[in-house]
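# Topology and contacts: notes
Next come the chains, spelled out residue by residue.
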Amino acid sequence: MCSSLDLGMLRRPKPTDSESDLLREQEKFLASGSQSAVNVVKRPDKRRGEKPGSDSEETQENRRDVVTIPDLPDELPSLTPAPPKKSRFKKERVHFENEDPEELLDRHDTHISAVLSRIVERDTSAVPVSFPAFTSTAFPKVLHRSTVEKQATVPGSRKSIFARQIAAQNAKSGGGDLKVSASQASGSSHVVPGSVDGSILVSGQGLGPDSAVETFKIHQENQTRLQGMSQSEILEEQQKLMAQLDPRLVEFVRSRKTQKASSVPSTLQGQVCSDQPVSERKALGTKLDSQEVTMDVDGQDETEPEIQPPITEKELPVKPQKEWLHMDKLEPEKLEWMRDLPAPRRQSTKKSMQARFDFSGTIIPPTKDLPTHLGLHHHGEEPELAGYSLQELFLLSRSQLTQQRTLALNTLAHILSKVLIRSFQFHRKWYSGYILAHAGEYSSSLKGSVLHSLIDAGLLFLLRFSLDDSVEGVMSAAVHALQALLVSSDDEECLDNMFSWLLGMAAFPLLPSTQDEDEEEDEGLAEFMKETPKQKEARKLDHDVARLDVVKGLLKMQLLQRLRYILEVVRPAPRVVLDILQILIRIARHSTSAATQILDCPRLMETVMSEFLPCSWTPPTSPAPASIYGLPISMAVKLLRVLASAGRNACARILNSLGGRERLSLLLAAEPSELLLEPAEAICCNTEALRLWAVAASYGQACNLYTDLYSVLVTTLQAAHKLSSPSEALLLLELHRVKALLVLLTQVTHTAGCHQELQSDLLSSQGTESLPPPPVTWGHVTGLQATLNGLLKGSLRALDDPGQRKSALTLLPSYLNYLGAFYSQLSVQNSFQPVQCLQELESLTSEVLLPLISHQAVRSMAESLRSCSVICKHAISGPGVDVIPSLPVLGSFWLKTDPCLFGFGSPLPLYTALFYLLDILTTIHRGLTKKLDHGSVWDSETSLFSSILLSDSVLTYLQSCVGAMPSVSHASAWLLRHEHHLLYLLLRLAHRLVPVDPEVAKHASLFHRVALALLSWLLPGSEYLAHELMSSMIFNHELLPEGGSGGPEAATLAELELQEKSIPPSGLGTLLSEALAHLPSIRGCYLTHLAHMEPAVLSSRDRHLGRNPWLSSQLLPELSGPSVPSDWPFLPLITLYERTGVSEGGGLQANSLPSGSLQSVTQCLQWLLLLESWREQALEHVPPVAKLARLACVFLCSSDLFLEKPVQKLTWALFRGLTRPSCLQALNLGTPPPGLASFHDLYSALLAQYEAVSFGDTLFGCFVLLPLQRRYSATMRLAVFGEHVGILRSLGVSLEQLPIALENFTSPPEDSLPLLRLYFRALVTGALRRTWCPVLYVVVVAHLNAFIFSQDEVPQEVEATRRSLLRKTYFLTDEVLRSHLLLYFLPEQNSQLGFSTYEQLPPIRARRLESVVGTEKGNDGDR
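In this text the structure is predicted, and so the values were computed from the model without any measurement.

### A closer look at the overall build of the protein
A tally of helices and strands in the protein yields 63 helices and nine strands. Excluding contacts between residues fewer than 6 apart, the proportion of contacts in the protein whose partners are at least 24 apart in sequence is 74%. Of the roughly 73,600 Å² of accessible surface on the protein, a fraction of 54% belongs to carbon and sulfur atoms.

### What about helix 63 (residues 1403–1413)?
What sets the pattern is the α-helix's 3.6 residues per turn: residues three or four places apart point alike. When helix 63 is considered as a whole, its buried residues turn out to be Arg1405, Arg1408, Leu1409, Val1412 and Val1413. Taken down its axis, helix 63 places every buried residue within 105 degrees of arc, on the same side. Seen from the open side of helix 63, the exposed residues pointing more than 90 degrees away from its buried face are Pro1403 and Arg1407. Tucked into the core, helix 63 has its buried residues touching helix 60 (1334–1348), helix 61 (1356–1370), helix 62 (1375–1383) and strand 8 (1384–1387).

### A few points about the packing of helix 55 (residues 1239–1253) against helix 57 (residues 1274–1283)
One can describe the packing of helix 55 onto helix 57 by two numbers: an axis separation of 10 Å at closest approach and a directional angle of 20 degrees. Considered as vectors, helix 55 and helix 57 are oriented roughly parallel to each other. The interaxial crossing formed by helix 55 with helix 57 has right-handed handedness. Residues Phe1239, His1240, Tyr1243 and Leu1247 of helix 55 form the contact with helix 57, whose participating residues are Thr1275, Met1276, Ala1279 and Val1280.

### A look at the packing of helix 36 (residues 834–854) against helix 37 (residues 856–863)
Across the interface, helix 36 lies against helix 37 with an axial gap of 5 Å and an inter-helix angle of 55 degrees. Accordingly, the angle class assigned to the pair helix 36 and helix 37 is oblique. Across from Leu852, Ile853 and Ser854 in helix 36, the residues of helix 37 making contact are Gln856, Val858 and Arg859. Among the residues forming the contact of helix 36 with helix 37, the class breakdown is three nonpolar, two polar and one charged.

### Quick word on the environment of Arg547
Position of Arg547 among the secondary structure elements: in helix 20 (residues 542–548). As for Arg547 and Pro885, which are separated by 338 residues in sequence, their C-alpha atoms are 9.2 Å apart.

### Structural notes on the confidence of the model for the protein
Caution applies to low-pLDDT regions: their predicted coordinates should not be interpreted in detail. On average, residues of the protein score 80 in pLDDT, and 74% of them are at 70 or above. This stretch, residues 54–64, has a pLDDT under 50; its non-local contacts, to residues over four places away or in other chains, come to eleven contacts. With pLDDT under 50 throughout, residues 1415–1423 is counted as low confidence; its partners more than four residues away or in other chains account for 17 contacts.

### Quick look at empty space enclosed by the protein
Across all of its chains, the model carries 14 cavities of 30 Å³ or more by this definition. If you add up the space inside the largest cavity, you get close to 310 Å³. In this structure, the largest cavity is lined by 26 residues; those nearest its centre are Leu502, Leu503, Thr746, Gln747 and His750. Contributing elements (two or more residues each) for the lining of the largest cavity: helix 32 (728–753), helix 35 (805–826) and helix 48 (1094–1104). Counting residues per element, the lining of the largest cavity draws most heavily on helix 32, at five residues. Partitioning the lining of the largest cavity into residue classes produces eleven nonpolar, twelve polar and three charged. For the second largest cavity, the calculated volume is near 260 Å³. Lining the second largest cavity are 22 residues, and of these Leu495, Met505, Ala507, Phe508 and Arg589 lie nearest its centre. For the lining of the second largest cavity, the secondary-structure elements that each account for two or more residues are helix 17 (489–498), helix 26 (634–645) and helix 41 (970–993). Looking at the lining of the second largest cavity residue by residue, the class counts come to 15 nonpolar, five polar and two charged.

The rules behind the values
Residues numbered from 1 in each chain as written. Predicted model: local features only at pLDDT ≥ 70, side-chain atom pairs only at ≥ 80, totals over all residues. Heavy atoms only, no water. Helix = DSSP H or I, 4+ residues; strand = E, 2+ residues; numbered from the N terminus. Contact = heavy atoms within 4.5 Å. Areas by Shrake-Rupley, 256 points an atom, 1.4 Å probe, with all protein chains shown as cover. Buried < 20%, exposed > 50% of the residue type's maximum accessible area, 1.4 Å probe, protein only. Arc of directions from axis to C-beta. Axes fitted to C-alpha atoms, helices over the stretch in contact; angles between N-to-C directions. Parallel < 35°, antiparallel > 145°, perpendicular 65-115°, else oblique. Left-handed = near helix turned anticlockwise from the far one by under 90°. Nonpolar A, V, L, I, M, F, W, Y, C, P; charged D, E, K, R; others polar. pLDDT = per-residue confidence, 0-100. 1 Å grid on protein atoms, 1.4 Å probe; cavity = no way out; pocket = protein on both sides within 12 Å on 5 of 7 lines; lining within 4 Å. Points joined across faces, edges and corners; volume = space filled by probe spheres on them.

Structure representation (C-alpha cells):
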C-alpha cells in the first residue's frame, strides 16, 4: 500500500504488472520507511485472563490479528436519524482515580471489531437438565387436535393450541405441589385480593428458571403478613403507601388489578367476594371504587353498548359441514365480523362526534339506524355508525380501486355543492366537521367550517391529482367536484338576471380581499429593490398561492392545460363538458389576468369554438344526446361573453381571431325555433349571443352587424308585446331574450351617439392617433324610439291585466333604460331640435310617466323599498354562508328566501330605471320640475315629480338609510352598487325640486344627510357619482336650511347655555355664518385634494354616460372598500401632515408651509365645524379618537399654523365639541386610531412638538392635557413627568381655560407607584409649580394627598412607599407645599387655588401622621 507521505515516489499497482514488479515496489516501499495505511494490532483476550504485553505460549497460539480500517466508524450506525441520546445516569457514575484508562476504554469500546470479537456463549452450568419421560413407544405420541382436551382459556390470551398443550403437560409433570399450595391458600378463611390467581404485580421476571415457584413463595409471605394484620393496620399501611408512591404508579397498579380481575371467571369472583366480609370489602374498595366512578363519569360520554355473548353455530348464516377441512371447531372471535352491527348509541354528554355523510352529501345523525345494504358502514372507525367522515373520504379517494376513488370524489362533490347552497337541512347556525350532541339528542348543528376543513386538508391538490388520473370515471368525478367547489349556480343566475339592469353588465372581479404578505415585506424598500408581481408569483409555492387565492393556485398548477386535454382528447360526457365550461367561466370572472390566461392557453379556446360552437351541425336525435360534441352550447357562448367583459382587447380577439363574429351572425340570423336544437337550449343560445353582442357594442365593436341584422332585430322587438309560450319556463327564457335584445339596442344607441364626437376628433386630429368612429351613426337608431315608446305604453296597459302584469313589470326597466339612453344622446347631436324634443318629453311625461308613477302596482313596489333595501339590512349574508377568504362568492342563494330583493317583485331595477329617465328628462326640459300637477293621485298642488319624493314610503326609506352603515363584501357589493345608483338618481331629482317646490324644500336636510352618507358608501367604479355629489349637492347651501333659518344664532345661544360663566364663548354662530358664506371655496378645496382620483373619475364617467368607445373593460376595479374614505372631511389636514409634518428620518419639520396651506386648513376646519354642528350624524362612523388624532395634525404639520387667528378660533370650537361630556365618555384612547399603531406614538410626537414650538399656547396645552385624564393609560402621564418634564414650565393652561372637568383628572386616586414617585419629585424639585402649571399642580397634589393618607390594605412595598412619602412630606421645608399636600380636601375648579383645604387635619389623618412620624411631631401637622 502506498504511504500518504510519499505519494510522488510510489505508484499504485497496475493490472499489467508482473510478480517481479510487485516485489520491486514492495522493496521500494520498505526502503522508504513510510507508514502503511493499515496496521496490525494484536489485542489480548481478557476473557482468558491475558494482560497486555504477555508473551506466553498460550497467548502466542491464540493470538488473533485485528484489522482496523481508518474510514470505519467507531460506533454502530444509527438506524434512525434521531439525535444522540444523553443518559442522565452516565453523569452520576463513580470514577476512581487509580482506574486503568485502557480498561475503561475497553469496557466502553463500541467499535464494530470489539462487538464481533466479544461474542460469549451463555453460561448454562447452573441450568437444571431434565431427562425426557420414558415411553413404551419409539417416538413421542403425535398430538392430534381431535384428541386435545378442551381447556378453559383466559379471555384475551394469544397462545396457540400447541403452546397450551405443552403448558398443560408441564403442569401435570411439575406443577402438582403448586396446585396444592394454591388450593390450600384459597381455602383459608381470610381471603384478600390477589389470593386466587397469585400475585398481581410480581411477575417473576429475572428470578431464574424457578421464577414461578419463587413468585408464589413471595406471594404466600405477603398473604401471611396481611392475615396477621388487622383491618385498621391494613388501611393505615395503604394510606402510607399512597402518600409515598407516585400517583402514576398507583394508577398503573390499579390497572393491573383491573386486568387481572377481568380474567377471573365470574363464578370465582363471586365466590371470593362472598367469602370476604362486607365491612372489609367496603373498607378495602372505598378509594378505588370512588376513583372508578369518577373516571366513568368523566370519560363515559356515551351509553355503554350491551356486551353480546359469543356467536353460536345457530347464528351462523352458513352451517359448517363435517367434511370441511379444519372447520369442525367453532372459533367465535373469528366470526364476530359476520354478526349484525349493534344499534347506534345515543350520546349522554356534550361530546363532539365526527360528522358523517351519505353518498348524496347529506349529514347522517349519529343516532340514525340505517340498513347495511346501503353501503354506508364500510369503514374502520365506529362501524356501527352509518356514513363516511371527511377523513375517510380523503383516504378512500387515494384507493387503488377505481370505483372507490370515483365514489369518494362524487361524495365530496355532493358535500361541496350542499355547503355552497345551504342544503344541510339542520340548524341555522353553521359549523362543519363535527356534530354536537346534547343530552342524548342530536342538536343538528355543525362546528367549524366544511370548506375550511377541506381546503386545509389539501382538497385542491387532491382534485388536481385526480384530474391526471388515466381512468375517465375518476377524471369526470374530479371535474364535478372542482365545479362544485368553484361554481355557484345561484350566483351565475343572479348575475345573468342583473345583466339587463342599468349598468348591469359591469361586475366586480372575484378577487380575494386578503393582503399579500409580500406587500408588507416590501414596505420601506426602494423601488428598484422591489420585486414585480410576476416575480413574486413565480417564487411562491403552489400551496402558498392557493392558500391566498384558490383560482390563482389552480392556474399555477396548470389547470387550464389539463382541462384542454380533457376536452380535446378524452371527449367526456355532456355533464363533464358543461362542468368544465362553468369552471372556465368562474376563472374568467376572477380577473382580467385570469381571462387572458384562458385566451392564451394553447388550443383551449380553439377546441371550444370548433367543438361547441360549430358553423354547421346535425340536429340531435334525442333531447339528451350521449355526446354534445359538434353542437352549439349556450354555456360556450356565455364563456365568450364573460371573457369579452374582461376588456376590449379580449373582446376583439374573440370576435376577430376566434371567429366570434361569424358565430353571432349564425346564431342571430335565424329564429330560435330554426336552430335545430332543443327549444330551451335554442333560446338560451340566442339570448347569450345577444348578450355577447351587447358586451361588444359597449366597447363600440361589432356594430357593423347592426345594419346586417336590423330586420331580424326589429322583428323580434315588435313581437315583444305578444310573447306566448307553451310553458312557464320557456316564457321566462323568452323574457330574458327580449331583455338581452333591449340591452343590445341600448348599447348600440350609446355607441351611435358617440359617432359625431369621434368624427369631429378625427377631422381635428391632423394625423395624430385618435379613435376611429364606429360604423353605426345616429341616423341608424332614430327609428327605434317610436317603437320603444309604443312598447312602453303597451306595458303600462298590461299592468291592469293580472295575467300580463308579471311580464310587464319584468320588461318595464329595460324600456325605461333605453329611452333614457336615447334622450341622453339625442341632446348632444347636431340634429337635435329643442322644440320638437320638449314637446315629445311633455307628451311622454303626461301619457306614460305620470300614469306609471301613480299606478297601484308601482306604488306597492315603492312601499317595499325599505324592506328590500340592502343598505338598511344589517346582515347581508345569509345564515348558512360557508365561504373562505381565498374563494369569494356572491352568496346569492339567500336571495331566494326573500323574493323582493331579487326578482320581478324587486323595486330596485324598476325605480333605478324610472329615476334615470326622470333625471334625463329634467336635465333636458327644466320646466318639467316647475309645472304643477293638480290631478295627481299622490298629492295636489305639487310639481310633476314631487309626489314620488314626498311619499311616505320614500321618506321612510331615506330616513332609514341615514343611520345605516352597510358592510362591504363580495356578498353585498354587487347589489349595493345598484342601490347606490338609485339613491344618487333620487337625490339628483330632489336637488332640482328643492328650489322650486316648498314642500320638497322642507326635507332638504334629510336629502343632504343622505347625500353625505352616500358619499362614504360609494364603491370602486362609482367615482363619477362621488364627484357629482361633491360638485352639486354636498356643499349646496340650499340643502343646508339651518343656515337661512336662524341656525347660527341658535348655535350661539346653545353655546351660551352650555358654557360656564367664567369661560368666554367661542363665537360659534359667527364662525358658522362665515363657513356658510365660503361654501363654494370649501367645495373647491376638497375637489382639489381629491384630484388624485381623476383617472378613476374619468373611467367611471365613461361608463355612466355611455361613452362606449372610450370604455376599456366591463370589469369594475378591485373591491377594496369604499372609493372615498369615511373620514374624508379631514383629508386636507391629513394631506398637509403627510407632506410637511414628518421627515424621512422620522423627526418633525418646522419648514414653511406650501402656498395656500393656511386657506386650505381654514376651509377644512370650517367644513368640519358645519358638520359637527348641523350634520353630526355624518361623522358618527369616525371614532372620536380618530377625530382627535386628525385635529392634532394642526399642531404637527407646522411650527406656527396653530397660532393663526382663524385656525385658533375654529380649532377651539371643534375642541370644545370634542370635550363635551357625552363625547368625552365615548373617547377611548386605548384603541389605536386608523392609520396609527397606537395613540401613544402620536402623543409622544405631540409632546415633542409642544416643547419645541408651543410658546405656551393655551389651545395646544389643552390638547396636551386631554390624554392625562385619570381614566386613560398611565404611560402618557409617565411620558410627561418622565421624558418631557420640561413642558411643565410652559403648560400654563389656567383652570378657567380648561374645558374639561377637573374631577376627570383627580378621580379615582392614582395607583401607579412610579408615577407617584415622579409626582413627588416634580413638586420637591420645583419642576412643577402652581404658577407655571396650575392644572397639573392640583392634580398632583390631589393624588399624593390621597395616596399618603390612604389606609387601605396594600402590599408591603406600597405601604413602605406610602409611609416614606408621608414622612418626607412632613419634613418638607417649603411650608406652602407642605400645607397643600397635608391639608388638601377637594378639587374646586372655580376657586383661585383650584382646591379646598382643611383648617386642620381630621382626627383619623392626624393619627395616621402621628403613627408615621412620631408622637413628638404629631401636632406640628396642624399648622
